[in-house]
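Each chain is listed here by its residues.
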2 protein chains.
Amino acid sequence: MMLIDRLNERIMACKAPICVGLDPVVDAIPAVYFAGGASVTEAIYAFNVDVIDAVHDLVPAVKPQIAFYELFGSAGIACYERTVAYAKRKGLVVITDAKRNDIGNTAMAYAKAHLGKGSPLEADFLTVSPFLGEESLAPFIDVCRAEDKGLFILVRTSNAGNRMVQDAQSSDGRTVNEVLAAYIAEQARASLGAGGYSAIGAVVGATYPQEANVLRDAMPSSLFLVPGYGAQGGGAADVVPCFNADGLGAVVNSSRGILYRYANQGCSREEYRASVVAAVWAMQADIYGALRQGCSDMMY
Amino acid sequence: MMLIDRLNERIMACKAPICVGLDPVVDAIPAVYFAGGASVTEAIYAFNVDVIDAVHDLVPAVKPQIAFYELFGSAGIACYERTVAYAKRKGLVVITDAKRNDIGNTAMAYAKAHLGKGSPLEADFLTVSPFLGEESLAPFIDVCRAEDKGLFILVRTSNAGNRMVQDAQSSDGRTVNEVLAAYIAEQARASLGAGGYSAIGAVVGATYPQEANVLRDAMPSSLFLVPGYGAQGGGAADVVPCFNADGLGAVVNSSRGILYRYANQGCSREEYRASVVAAVWAMQADIYGALRQGCSDMMY
C-alpha cells in the first residue's frame, strides 16, 4: 500500500486528520525529564517518547521540527534520529519539518538525507521551500517517486509576513502561489495513490481560509499540511476549506497547543502523558466536529 | 575588530576575495581518504582537513554546504562540527551554507544553532532563504547584531530557474529582488563595521552580471556571497559587477572548481593538497586579475 493510502486509512481510523508537532522547547519541558542529571538531548528524547506513547493510537502522524534539534548540534541530530525511529516503530507517519531548499546535487543530498531509504534521518514526508524555483523542487520529487515518500512544498505559510514573496506576481500574470499550485497539482496527478490522493503536497496555513479554498480547488489531489491552528490563531472552522468534501486532503498540525497546553512544569511523566492525551482529544473533537459539519461527503 | 573588518583585512592580505566550498561528494573524493577502512565521515573529515591545510593561508574563508553532511545523519553533523572547528582554528572565516528559513521561535532556533556563541555548529556567516518574508529574517538579524555574526540572504541565486519567484512583482510594483535588496541595505546600514561594510549581506549569483550591477548599487555596504563562478558557468569578468570600485564587497565561492579540478582518484594526500593549491592559485589569478582591471579604486 502506498504511503498516501496508508496515511488516509489511519486518518479515517483515528477520525483525526491531525499531526502532533514535536517541537521540544527546553524551557517548557516539565522538570521531571531532566531529573537524575539527564543531558538536554536525553531529556528531549524521553519527553518525545512520552508524547509518542500518548498519541500514537490517537493520531496518524507526528511532525518534528528539526531546528529544535539542530540547536544541539550532532547530539541533537542523534536525538532526532532516535525520535524518528521510535515514532515509526509505533506506527506513526513522520513528517520532517525542515523547509530545505537548494539546487542540483545539493538539493539531491537533502532529498536523500531526509527521504532516502536507509538514511539515518529517513522520514516519510519532508517540508521544502521553493525560493529557488521549480528546478529546485525536481530532485525532491524524483526521490519521492522513486521511494514512495511525500513532500509538502511551502505555498501559503501561516505567518502575516508571507505576502511579500508568496503573493508576488510572476511574469505571466499569475502569483507565486498560483504558479506553485499549478506545478504541484501537475506533479501530484503523476503520482496518485489508490484513493486518488497524492503525497506531493503543499503547506497551506490555517490562517487564510479564503485562500485555502482557492488552493484546494487548484490542487484537488494533493495532501495539505496545515499549520497555524491553535497557538497561531486559526480555529477549526478555518481549517475546513483545506479539506475536500470527503473530509480528506489535509493534515492539521498542532505543536505548542498539544505539547504545552495542559502541562505544568512540576508534573510527573504520567501526568504529562495524560495532559497530552487530553489536548489531542480536545483538538480531535474540535477539528472532527467542524469537518462533520462542513464536509458534504464525509468519508469517516 | 568586527567580523566584517577582519574578513576584509584577510581578503586584502590574501589578495583573494574567495571562499572555498567544502562540498564533500563521496564519489569524487580520492580513494586514499578511505584507506585503512575509514568510515565515510572519517574520510570526509580527513579530506576537509587537507583542503583546509592547503587553503588556509591563501583564502579568507571556507563555505561548507551542510546538505552533504546531513546526508550522513548525526555522524555527518559531527563531522561538520569538527570541520568548522578545525577551519576556525586555522584562522578561516566559516560560512555555513544551509539556506534555512522559518518563522518565530523556529527561526530563532536555527539562528542560535548556526550563529549562537558556544553552539556546537557555531559558524561566522549563515545563508538564509526569505520565502516566508521579512518577518522570517528578523530573528537571524537579531542574532547577528547581538553576536557580531553575518548573514547572506538569498536575493538572486545562480540557477536558471530562479526567476519565477525572485523576479515576481510585489503589490507595490517592486520585484521580490528589489524589496529584499532594500530591506538588506537598511539592515546593513544599521550594522556597519569600521571599514563601512556590513556582515548583513546577500547571495548574488555570478551568472547575472547586469543584475549584479543593479543589486550592488542597491546594497552598497552589504557583503555579497557570489556562487556560480566556474562549474556553474560564471567567468571572472562576470563577478566584477558584484564588487565595489574598491575591490571589496563580495566573496566569490568555488566548490567543485577547487576540490575536484585537478584531483584524480588515485592521488596521494600530498598530491591532493597540491592540486587544491594549484586550483586556488588559478582562481586567485583569474579573479584578482579581473578586479585589477575592472575596479577603479582597488584597495589591494
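Details of the structure are given in the entry above.
Residues numbered from 1 in each chain as written. Chains lettered and ligands numbered in written order. Predicted model: local features only at pLDDT ≥ 70, side-chain atom pairs only at ≥ 80, totals over all residues. Heavy atoms only, no water.

Caption draft 1: Here's a closer look at the sheet that holds strand β6 (residues 198-204) of chain A. All names here are of chain A. Taken in spatial order, the eight strands of this closed barrel run β1-β2-β3-β4-β5-β6-β7-β8, and their pairing is parallel. On average, adjacent strands in this sheet sit at an angle of 30° to one another, irrespective of strand direction. Where β6 meets strand β7 (residues 222-226), three bridges bridge the pair, whose relative direction is parallel. Of the residues in β7, the one forming a bridge with Val 203 is Leu 225. Lying on the sheet, helix α6 (residues 134-147) is in contact with β3 (93-100), β4 (125-128), β5 (150-156) and β6; it crosses β5 at an angle near 145°. (Pairing = 2+ DSSP bridges. Helix = DSSP H or I, 4+ residues; strand = E, 2+ residues; numbered from the N terminus. Axes fitted to C-alpha atoms, helices over the stretch in contact; angles between N-to-C directions. Contact = heavy atoms within 4.5 Å.)

Caption draft 2: Region of interest: the interface of chain B and chain A. Contact with chain B, which involves 55 residues of that partner, is made by 55 residues of chain A. Between chain B and chain A, a total of about 4,200 Å² is buried, with carbon and sulfur atoms accounting for 61% of that surface. Considering only the side of chain B, the residues that lose the most area to chain A are B:Glu70, B:Phe131 and B:Met164, jointly responsible for 17% of the buried surface there. Across the chain B-chain A interface, the total number found is four salt bridges. One salt bridge connects A:Glu70 with B:Arg100, and the closest N-O pair in it is separated by 3.0 Å. Run the count over chain B and chain A and you get 29 residue pairs in polar contact (both at pLDDT 80 or more). When contributions to the side of chain B that touches chain A are tallied by element, the ones reaching two or more residues are α3 (67-70), α4 (73-89), β3 (93-100), α5 (104-115), α6 (134-147), β5 (150-156), α7 (163-166) and α8 (176-189) of chain B. (Buried area = accessible area lost by both parts, 1.4 Å probe. Salt bridge = Lys/Arg side-chain N within 4 Å of Asp/Glu carboxyl O. Polar contact = N/O pair within 3.5 Å; in protein donor to acceptor, adjacent residues only side chain to side chain.)

Caption draft 3: How the structure looks around the packing of helix α4 (residues 73-89) of chain A against α4(B). The contact between α4(A) and α4(B) brings their axes to 8 Å, and the two run at 175°. With respect to α4(B), the axis of α4(A) lies roughly antiparallel. Contact with α4(A), carried on its side by A:Gly73, A:Ser74, A:Ile77, A:Ala78 and A:Glu81, involves B:Gly73, B:Ser74, B:Ile77, B:Ala78 and B:Glu81 of α4(B) and no other residues of that element. Residues belonging to the contact of α4(A) with α4(B) are distributed by class as follows: four nonpolar, four polar and two charged. (Parallel < 35°, antiparallel > 145°, perpendicular 65-115°, else oblique. Nonpolar A, V, L, I, M, F, W, Y, C, P; charged D, E, K, R; others polar.)

Caption draft 4: Spotlight on the relation of the copies chain B and chain A. Between chain B and chain A, which share one sequence, the superposing operator has a rotation angle of 180° and an axial displacement of 0.0 Å; the RMSD is 0.0 Å. Such a combination of rotation and displacement between the chain copies is what one expects of a two-fold axis. Interface residue correspondence from chain B to chain A reaches 100%, placing this contact among same-surface, isologous pairings. (Least-squares fit on C-alpha atoms with pLDDT ≥ 70 in both.)

Caption draft 5: Fine view of unusual backbone geometry. Residue and element names in this part refer to chain B. The residue Lys 99 is not glycine, and still its phi comes out positive at about 45°. The topology assignment puts Lys 99 in strand β3. A relative accessible area of 8% means that Lys 99 is categorised as buried. (Buried < 20%, exposed > 50% of the residue type's maximum accessible area, 1.4 Å probe, protein only.)

Caption draft 6: Here's a closer look at the environment of A:Ala231. Residues and elements named next belong to chain A. Residue placement: Ala 231 occurs in the loop between β7 and α10 (236-239). Judged by its relative accessible area of 54%, Ala 231 is exposed. Once the C-alpha coordinates of Ala 231 and Leu 154 are considered, the two residues, 77 residues apart in sequence, prove to be 20 Å apart.

Caption draft 7: Main features of the side chain of B:Gln65. Along the chain, B:Gln65 turns up in the loop between β2 (61-64) and α3. Here B:Gln65 falls in the buried class, since its relative accessible area comes to 2%. B:Gln65 has contacts with A:Asp102, A:Thr106, A:Tyr110, B:Leu22, B:Asp23, B:Asp97 and B:Lys99, leaving out every residue within four places of it along the chain.

Caption draft 8: Fine view of the packing of aromatic side chains. Residue and element names in this part refer to chain A. Summed over all chains, the structure comprises 14 aromatic pairs over all chains. For the pair Phe 125 and Phe 152, a centre-to-centre distance of 4.8 Å together with 15° between the ring planes defines the contact as stacked. Of the two residues, Phe 125 sits in strand β4 while Phe 152 sits in strand β5, which places them 27 residues apart along the sequence. A relative accessible area of 0% places Phe 125 in the buried class. An aromatic cluster is built from Tyr 33, Phe 47, Tyr 260 and Tyr 272, whose rings are joined through pairwise contacts. Cation over ring: Arg 156 sits above Tyr 208, and NZ or CZ is 5.6 Å from the ring centre. Above the face of the Phe 224 ring, Arg 216 is positioned so that its terminal group lies 4.0 Å from the ring centre. (Phe/Tyr/Trp six-rings, centres within 6.5 Å; stacked < 30°, edge-to-face > 60°. Lys NZ or Arg CZ within 6 Å of the ring centre and 35° of its normal.)

Caption draft 9: Structural detail: the packing of helix α2 (residues 40-55) of chain B against α4(B). Residue and element names in this part refer to chain B. Remark: α2 packs on α4, axes separated minimally by 10 Å, with the N-to-C direction vectors making an angle of 15°. Between α2 and α4, the interaxial angle falls into the category roughly parallel. Of the two elements, α2 crosses α4, and the hand of that crossing is right-handed. Listed contacts from α4 to Thr 41, Ile 44, Tyr 45, Asn 48, Val 49, Ile 52 and Asp 53 of α2 are Ala 75, Gly 76, Cys 79, Arg 82, Thr 83, Tyr 86 and Ala 87. Class assignment for the residues of the contact of α2 with α4 results in eight nonpolar, four polar and two charged. (Left-handed = near helix turned anticlockwise from the far one by under 90°.)

Caption draft 10: Region of interest: α4(B). Under the 1.5 Å per step criterion, the end-to-end length of α4(B) is 24 Å for 17 residues, consistent within 8% with the ideal 24 Å. Restricting attention to buried positions, one finds in α4(B) the residues B:Gly73, B:Ser74, B:Gly76, B:Ile77, B:Cys79, B:Tyr80, B:Glu81, B:Thr83, B:Val84, B:Tyr86 and B:Ala87. Buried positions along α4(B) lie against α4 of chain A together with β1 (18-22), α2, β2, α3 and β3 of chain B. Where α4(B) terminates, the next one or two residues include B:Gly91, which has phi positive at roughly 85°. (Expected span 1.5 Å × (residues − 1).)

Caption draft 11: Structural view of the environment of B:Ala279. All names here are of chain B. With respect to the helices, strands and loops of the structure, Ala 279 is situated in helix α12 (residues 269-294). Among the residues examined, Ala 279 registers a relative accessible area of 0% and is labelled buried. Measuring from C-alpha to C-alpha, the distance between Ala 279 and Val 55 comes to 10.0 Å, with 224 residues separating the pair along the chain. Those residues in contact with Ala 279, other than ones at most four positions away along the chain, are Gly 257, Ile 258, Arg 261 and Tyr 262.

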